[in-house]
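If you want the building blocks of each chain, they are given just below.
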Amino acid sequence: MRYQVSIEGREAMVDVERADGGWRIRLDQGPWRSVQGRFVQPGELRLDGAIVGVHLRGDEVSLQVESHPLVATVVDPRRAGAEAAGAASEGTLSTPMPGVVVRIPVAVGDAVKMGQVVIVVEAMKMENEFKAAHDGVVEAIEVSVGDTLESGAVLARIASEA
Amino acid sequence: MNTRPFRRVLVANRGEIAVRIVRGCHERGLEAVAVYSEADADALHVRVADAAECIGPPSSAESYLVADTLMDVAARLGCDAVHPGYGFLSENAAFAQRVIDAGLVWIGPPPEAISAMGSKTAARQAMHSAGVPVVPGTLHAISGADEALERGREIGFPLMLKAASGGGGKGMRLVHEEHELADALLGAQSEALKSFGDDSVYLERAIVDPRHVEIQILADAHGTVVHLFERDCSIQRRHQKVVEEAPCPVLEPATRDAMALAAVRAARAVDYVGAGTCEFLLGADGEFFFLEMNTRLQVEHPISECITGVDLVQAQLRVAAGEPLWFTQDDLQIHGHAIECRIYAEDVRNNFRPAPGPLAVYREPSGPWVRVDSGVVQGMEIPIHYDPMVAKLVVWGATRDEAIGRARRALRDYRVVGTTTSIPFFLALFEDPDFLSGQYTTGFITPEWLEAHMEPPEECVERGLVAAVITRFEADLALDSAEQTADVSAWKRTARWREAARGWR
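Residues numbered from 1 in each chain as written. Chains lettered and ligands numbered in written order. Predicted model: local features only at pLDDT ≥ 70, side-chain atom pairs only at ≥ 80, totals over all residues. Heavy atoms only, no water.

1. Quick word on the overall build of chain A
Counting its secondary structure elements, chain A contains 1 helix and 16 strands. Sorting the 162 residues of chain A into buried and exposed places 38% on the buried side. When contacts within chain A are restricted to residue pairs at least 6 apart in sequence, long-range pairs at least 24 apart make up 40% of them. In the structure as shown, chain A presents an accessible area of about 8200 Å², 47% of it carried by carbon and sulfur atoms. (Helix = DSSP H or I, 4+ residues; strand = E, 2+ residues; numbered from the N terminus. Buried < 20%, exposed > 50% of the residue type's maximum accessible area, 1.4 Å probe, protein only. Contact = heavy atoms within 4.5 Å. Areas by Shrake-Rupley, 256 points an atom, 1.4 Å probe, with all protein chains shown as cover.)

2. A closer look at the environment of Gly 144 of chain B
Checked against the element boundaries, Gly 144 of chain B lands in the loop between α6 (120–129) and α7 (145–155). For Gly 144 of chain B, a relative accessible area of 18% translates into the label buried.

3. Thoughts on the pattern of salt bridges
Side chains bearing opposite charge may pair, as long as their charged atoms lie close to each other. All names here are of chain B. For the structure on display, the rule yields 51 salt bridges over all chains. Between Lys 241 and Glu 214 there is a salt bridge whose closest N-O contact spans 2.8 Å. You can see Lys 241 sitting in strand β11 (residues 240–246) and its partner Glu 214 sitting in strand β9 (residues 211–219), a full 27 residues away along the chain. What makes Glu 214 buried here is its relative accessible area of 0%. A salt bridge links Glu 340 to Arg 342, with the nearest nitrogen and oxygen atoms 4.0 Å apart. For the pair shown, Glu 340 and Arg 342 are each scored as buried. Residues joined in a network through salt bridges with shared partners are Glu 214, Arg 231, Lys 241, Glu 244, Glu 279, Glu 300, Glu 340 and Arg 342. (Salt bridge = Lys/Arg side-chain N within 4 Å of Asp/Glu carboxyl O.)

4. Observations regarding the packing of helix α5 (residues 111–118) of chain B against α6 of chain B
Residue and element names in this part refer to chain B. α6 packs onto α5 with a crossing angle of 100 degrees between their chain directions and a minimal axis gap of 5 Å. With respect to α6, the axis of α5 lies roughly perpendicular. Every residue of α6 that contacts α5 at Ala 116, Met 117 and Gly 118 is listed here: Lys 120, Ala 122, Ala 123 and Met 127. Its residues assigned to classes, the contact of α5 with α6 shows 5 nonpolar, 1 polar and 1 charged. (Axes fitted to C-alpha atoms, helices over the stretch in contact; angles between N-to-C directions. Parallel < 35°, antiparallel > 145°, perpendicular 65-115°, else oblique. Nonpolar A, V, L, I, M, F, W, Y, C, P; charged D, E, K, R; others polar.)

5. Considering the interface of chain B and chain A
Contacts between the two partners involve 58 residues from chain B and, on the opposite side, 57 residues from chain A. The contact between chain B and chain A buries some 5100 Å² in all, and 66% of this surface belongs to carbon and sulfur atoms. Of all residues in chain B, the largest losses of buried area upon contact with chain A belong to Arg 463, Leu 465 and Arg 472 of chain B, amounting jointly to 14% of the total for that side. Where chain B packs against chain A, one counts 9 salt bridges. For Glu 44 of chain A, the salt bridge goes to Arg 415 of chain B, with nearest N and O atoms at 3.2 Å. (Buried area = accessible area lost by both parts, 1.4 Å probe.)

6. Thoughts on α7 of chain B
Residues and elements named next belong to chain B. Taken residue by residue, α7 has Ala 148, Gly 152 and Ile 155 as its buried positions. Each buried residue of α7 sits inside an arc of 65 degrees when the element is viewed along its axis, so together they form one side. Exposed side chains of α7 directed beyond 90 degrees from the buried face belong to Asp 146, Glu 150, Arg 153 and Glu 154. Looking at the buried side of α7, the elements it contacts are β6 (159–163), α8 (181–196) and β8 (201–205). Positioned one or two residues after α7, Gly 156 has a phi angle of 100 degrees, which is positive. (Arc of directions from axis to C-beta.)

7. Describing the nonpolar core
Ranked by size, the top nonpolar core spans 78 residues in total, and within it Phe 6, Leu 218, Ile 235, Phe 425 and Phe 430 of chain B carry the most contacts. Those residues within four positions of Leu 218 of chain B in sequence are excluded, and the remaining contacts are Thr 224, Val 225, Val 226, Leu 228, Gly 274, Ala 275, Val 310, Leu 312, Ala 315, Leu 325 and Phe 327 of chain B. If you look at the next biggest cluster of nonpolar residues, it comprises 31 residues, including Ile 25, Val 52 and Leu 56 of chain A together with Leu 465 of chain B. (Core = buried A, V, L, I, M, F, W, Y, C linked by side-chain atoms within 4.5 Å.)

8. Quick look at the sheet that holds strand β1 (residues 2–7) of chain A
What the 8 strands build is a closed barrel, ordered β1-β2-β3-β4-β5-β6-β7-β8 (chain A); its pairing is antiparallel. The mean inter-strand angle of the sheet, taken between neighbouring strand axes irrespective of direction, is 35 degrees. (Pairing = 2+ DSSP bridges.)

9. A word on the pairing of β11 of chain B
Residues and elements named next belong to chain B. The buried fraction of β11 amounts to 6 of the 7 residues, a majority that puts the element mostly inside the structure. In this structure, strand β10 (residues 225–237) lies alongside β11, joined through 4 bridges in antiparallel fashion. Bridged to Asp 232 within β11 is Glu 245. In sequence, β10 turns back onto β11 through a hairpin of 2 residues, with Arg 238 there showing a positive phi of about 55 degrees. Bridging between β11 and strand β14 (residues 337–344) involves 4 bridges; their strand directions are antiparallel. Within the sheet, the bridge partner assigned to Glu 245 lies in β14 and is Ile 339.

Structure follows, in structure tokens:
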């Protein structure tokens, strides 16, 4: 199986197969290497002697590697096509965490400057300001004040000035 | 002060402290009634209580903060006492009075003491009158920019503007120079009005790079006030504590005695009853100043329990039942060293941004002198509506070095998967030479320090990459094979592999 993996800013195309005592893996069509291991219990994978905590949700794998919390995206390139096409473009603001919209200081059609606050979301008693990544015009506001959001929700779209 | 024996306690809180209080009640043979919002229906505090009632939708303003609902539950379920925990209504004098007026025992200080210390300016005045050193500044709210400038010049810059009815870092402005003062005042007043309904602001000299050292107080309703020594809470982010230790590693015995004396004097000045804390700022020169008094049990109370052997929740329950304290100040001694790590669901590398998520795998460390106070269990999702605390990890050691070593070991044993937590922050902290030497102040956590210490090693990232791919691969295999056959046993195998690959949930 082949997957596109992204973790901590690293990207790789990875091939993986079952093999004796575990699996074998190669990165970006490099040499195959054998990985010994098994799932010792739900969410815990022993790899080459060390335990890694794993949890899959959609395309995201949450990990705990030696106390470090990491998140990897693992995508099957064959199935990902449709999603990729609709994926976030530069001008899209979305929230990485759930929360409640508390303030929208701009309106559709407003000109905004890079760094200007577009949407304010409250999560865990903290206000998080989502700012325009570049100068432009507010093309769409997808939420209203008071909306409860899930992580990944699209907040607004800023059309960049030509 | 209305103290008398009671049997059934309404625990007006949630999360780890609600669990703590329920356990405390059970250890005294008392019954505990829990309340929960819709977001907390499966929470641990609900499961351990003797009875529980839903009090509203997830938002605190519609649940844990609604006095009417709490009083109604107390009445219907036959509660004769209320324990407010910390936060929420614990320092709301009106609520305390309402509990008392309804004929229930309030497990906390008298409403008058709560009011006296709730207004920061009133508290400063009371302390000043009692001869407790306060941070140099105004004792009253200032009337406007002119007075601010005049007093500011007397007090000296840098200056801290603070909300008189405030707390939690809101309504505060640090002013370095005169020309910034007018704008800062307007900003502080507006924020104070919005957050606390009162735009009164007072001035304090900003103590540069202080340590935050607080004294635990315990008083009964018979006039006895003791202290349980100090806690150093200087490691903070956004004015919120993340690590606390007892005793303070750099406190001179004479300073300790003076601070403790001041704290006891402060408690007596307001006829305090119950558990409370006097917070001080400790300057590099050993000078200390009263900051504020918290008229409730605090998050970090466990470390004082560890070094003194006194169970503070038990003490609260006994004092509220009218019992005199069963020990004197002379009976109390500092024994060993304790450290607490507040483990939050947050992304330390992203400015400690809250990172709610599922606790797909959650296993607390244990072992001798390792204590974990938490309100979570494996399988739960950390709710977004409250602060993102996962647990308090508390360790004790015969020496500070032993406690630190124990903390390192416990942190490494802590399994959390599915949610990003601040565990790696503590591991990095416990390697830092300044922390190890005890030489740190409230300015310790800086963006530079975080950048230098919080990068995961390359080797971990690689292992993570491999683990992620294998996890996904196995899950897809299980999915494919289940889709291909209608075999019942294949479904069972799939379920096991799915669980294995995806964690629980």
